[in-house]
Amino acid sequence: MFPNYLKTALRSLRKQKLFSLINLFGLAVGITVTILILLYVQAELSYDDSQENREQVYRVLRQASLNGNEYLIGITSGPFAAALETDFPETIREAVRVLPNDGLVTYQNHSFMENKFYLADGNFFEVFSFPFRRGDPATALTQPNSVVLTAAMARKYFGDDDPIGKTLLLDEQYQFTVSGVLADNIGRSHLDFDFMASIEFMNRFDWFSDWWNNMLFTYVRIESPAAAQQLESQLPGFMDKYFGDDFARNGTRVDLTLQPLGAIYFQNEVRYDYARHGDEKAVYIFFAIAVFILLIACINYMNLTTARASRRGREIGVRKVLGAHRGKLILQFLAESFLMTLAAIVLAMAAVELLLPFFNAAFRLDLAIDFTRPQSLAFLGGILLLVSLLAGSYPAFLLSSFQPVKVLKSRRDREAHDVLIRKGLVIFQFCISVFLIIATLLVGQQLDYLRSKDLGFDESQVVLVPLNNQEIRDQQETFKERLRNQPGVVNASVMSGQPGGFHDTMSFDLAGRDDNFRFRTVYTDYDYVQTLGIELAAGRNFSRDFGSDDHAVLLNETAVRALGWSNEEAVGKTLHNTMFDTTESEIVGVVRDFHFSSLKDRIEPLLIGIRPWGRMMAVKVQSADMAGALAAIEAQWNNISPAYPCTYTFLDETFQQLYRQEQRESVLFKIFAVISILIACLGIFALASFAAEERTREIGIRKVLGATIPGLVRLLSRDFVKLVALGNLLAWPLAWLAMNRWLGDFAYRIEIGWGVFVLAGILALAIALLTVIWQALRAALANPVKALRYE
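Quick caveat: nothing in here was measured; it's all calculated off a predicted structure.

How do you make sense of the sheet that holds strand β14 (residues 462-466) when you look at a structure like this?
Within a sheet, each strand pairs with its neighbour through backbone hydrogen bonds, oriented either parallel or antiparallel. Ordered by their spatial adjacency, four strands build an open sheet running β15-β23-β14-β24, and the pairing between neighbours is antiparallel. With partners counted over all chains shown, the strands left at the sheet margins are β15 (489-495) and β24 (649-650), one partner each. Examined bridge by bridge, β15 and strand β23 (residues 616-621) share six bridges and lie antiparallel to one another. By the bridge assignment for β23, Val 494 is matched with Met 617.

In structure tokens, the structure reads:
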């Protein structure tokens, strides 16, 4: 019986080629977008899912405050892991440390600067489950100087040769023997490493055992959430045991908390964190967009099928008179929906295969799908069932409810009710489309604001050169002075962190005051202010003419306000670092507030100090000879550190990378807004075509009686204009609420003006009118004689 339903369904679809093609295209586009978005959502939600100990592993975070504002810190120091195991043996089954690191890796005559050369304790691959292609996870890191490679790194350094037992050289002095190779597919993890080496060789450095030298992740494995909760209540005592004297001296304390492994990827507000993170809010936003775009496509099918109900009324009436039950008719119409959806899925599969490489390249993703896998087939089967029922159920139940006597007399009591539902569905379609247009416009405006906002310093033509090896760090002053003497170089400065990058937090004791104060800090040299073009608000800049400036500091205006001083009052005051410096430092000047971190964050109190060591060099160059300046930087680097490649970025580009997620969202919003409008307009085009066809005789009579073409166009299009206008009115408050919440993530943001809503409404109305008017003009220009002969 079912094959008969399919044959009948196929015959029916052939009769209505235009409407069938519109339905097919709309569903195919909707399903394609849905598959792509769901691939992204599934990938984002799968981070750390493959870890066997997912429910038992916790990362140890530090909790600190900056003058009353609490925050979390992702890194701890070397001694924490052993101390936690020793103090809580009944609760903590094991602890493991992971140190994100970089370095020059050499094999034979090939050297590469690797930014993901991580170090970990010997039990790392027992706590974290990563599948191995070669080697034993239980013993892979138990030997000092052993290293495990990802499959990609094994191919990069050894090609098709067996890497086990071969030796890699790190930073031209530390040898590591390859003890394992991970499988090609190791799952998604918040730990983004290419090498995982034994951390044992770090024990040779005294600073590695310093409790305050925080640079690594500490994880603990605990049997149950209840045990973890109990442990958290004991952690304040643990911190008092090891840091009590420091807390008393600093006038502030730091505590610990436990972060479940499954929460790490999406908890991206943790400071000083080198883990890979995602945007949970964006994931659910795009999931909702996928659902809505699929709904728009399904609504098209519902509207076009129910709109043509009168054309099939006689068919249904005859079938019922001949004994067809309602259940059989429902199956018949569901079969049509099934066939249409199946064809759309086949087209969508081809489109996904074609578009996925471009999607990955455009948004720096690594999504993949194999349609032959059972999971993929089950997923497609779920979409087939869902869309067939969603798109086909309402038309099936509506059409099968026709009463034979009435439809054979061309009378239907429910016509007004059905039209009302169709109008409601069109309003819903355009509500979603206008919402996406508004979101696209506002995201674009916020990104333009972030790009154009005055940051308080001159970020243009500033080249950032990481001082990433001991050779260059030992001779950083020589490197700097050589660069300053090069044509095309304006100035240079060494710093502990660049704007948009690392800025530590330290406590300071203020002379004449009992309370301590915490500042964000950057340590630099005498040329920091000039190189970055930072303005002074009071006092003076660092100067080599003052011997005491080796211990001088600058404060920003926010710090001065927090201390209750005016800019002028701050100059001449003294303070000292409560942890590392007993020498009094004089505040010699106050700089204007500048954005040294993301515009998502308020400007915080900042202290700029002098220290003859840094991890980054900023080089201000002349725009007229950028190529020459870059060549000079590389040449001077190679004179000092020829073994290491010279790498650099531009400060303005680095700062904009802070908003990479928002930039990605902006592009995706644009794409999805266009797609939603396209699908909605396909539906309104078909409905307008059908409406014009239904009113063919009416239009002919009106033309004979003197109706003008503009009048007929208004007659045929005004109902659709009303529907689009209602869709706008519904979308505006929803878009304001959603986008106001999205903008709430930014400390510095645009204000939502009424203009963006009007513009979105005009765009939607214009697109809908262009779609409808073409059909209206076609009907209005038709020969009235032919129209009067219609039917």
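Would you take a moment to explain the pattern of salt bridges for this structure?
Between side chains of opposite charge, a pair can form when the charged atoms approach closely. Summed over the entire model, instances satisfying the criterion amount to 32 salt bridges. Here Asp 240 makes a salt bridge to Arg 253, at a shortest N to O gap of 2.8 Å. Within this pair, whereas Asp 240 is found in helix α6 (residues 225-250), its partner Arg 253 is found in the loop between α6 and β13 (255-260), the two being separated by 13 residues in sequence. We classify Asp 240 as partly exposed; its relative accessible area is 38%. A salt bridge links Arg 540 to Asp 549, with the nearest nitrogen and oxygen atoms 2.7 Å apart. Residue Asp 549 is classed as buried on the basis of its relative accessible area of 1%. The network of salt bridges with common partners includes Lys 480, Glu 481, Arg 484, Asp 525, Asp 527 and Arg 544.

Explain helix α3 (residues 80-87) here, please?
Where α3 is concerned, the buried positions are Phe 80, Ala 81, Ala 83 and Leu 84. End-on, the buried residues of α3 take up no more than an arc of 170°, which puts them together on one face. At its buried positions, α3 is contacted by β1 (57-66), β3 (92-99), β12 (217-222), α6 and β13.

Help me understand a nonpolar patch on the surface in this model?
Together, Phe 287, Val 291, Phe 292 and Phe 428 give the surface a local cluster of nonpolar side chains, amounting to about 310 Å² of exposed area. Considering each element in turn, the nonpolar patch owes the most residues, three residues, to helix α7 (residues 280-307). Residue position: Phe 287 is located in helix α7. A relative accessible area of 37% places Phe 287 in the partly exposed class.

Help me understand the packing of aromatic side chains in this model?
The relation between two aromatic rings is expressed through the spacing of the ring centres and the mutual angle of the planes. With the rule as written, the count across this model stands at 47 aromatic pairs. Aromatic pair Phe 176 and Phe 201: ring centres 5.3 Å apart, planes at 90°, arrangement edge-to-face. Of the two residues, Phe 176 is situated in strand β10 (residues 174-182) and Phe 201 in the loop between β11 (195-198) and β12; the sequence distance between them amounts to 25 residues. A single burial state applies to Phe 176 and to Phe 201, both of which are buried. Geometrically, the ring pair formed by Phe 517 and Phe 519 is tilted, given 4.9 Å between the ring centres and 55° between the ring planes. Members of the aromatic cluster, joined through ring pairs, are Phe 112, Phe 117, Tyr 157, Tyr 174, Phe 176, Phe 195, Phe 201, Phe 205, Trp 207 and Phe 208. The ring of Phe 546 has Arg 540 sitting right over it, with the charged end atom 3.8 Å from the ring centre. We note Arg 611 situated over the ring of Tyr 523; from NZ or CZ to the ring centre the distance is 4.0 Å.

What counts, and where the lines are drawn
- Residues numbered from 1 in each chain as written.
- Predicted model: local features only at pLDDT ≥ 70, side-chain atom pairs only at ≥ 80, totals over all residues.
- Heavy atoms only, no water.
- Pairing = 2+ DSSP bridges.
- Helix = DSSP H or I, 4+ residues; strand = E, 2+ residues; numbered from the N terminus.
- Salt bridge = Lys/Arg side-chain N within 4 Å of Asp/Glu carboxyl O.
- Buried < 20%, exposed > 50% of the residue type's maximum accessible area, 1.4 Å probe, protein only.
- Arc of directions from axis to C-beta.
- Contact = heavy atoms within 4.5 Å.
- Patch = residues over 30% accessible without salt bridge, like charges linked within 9 Å, V, L, I, M, F, W, Y side chains within 5 Å.
- Areas by Shrake-Rupley, 256 points an atom, 1.4 Å probe, with all protein chains shown as cover.
- Phe/Tyr/Trp six-rings, centres within 6.5 Å; stacked < 30°, edge-to-face > 60°.
- Lys NZ or Arg CZ within 6 Å of the ring centre and 35° of its normal.

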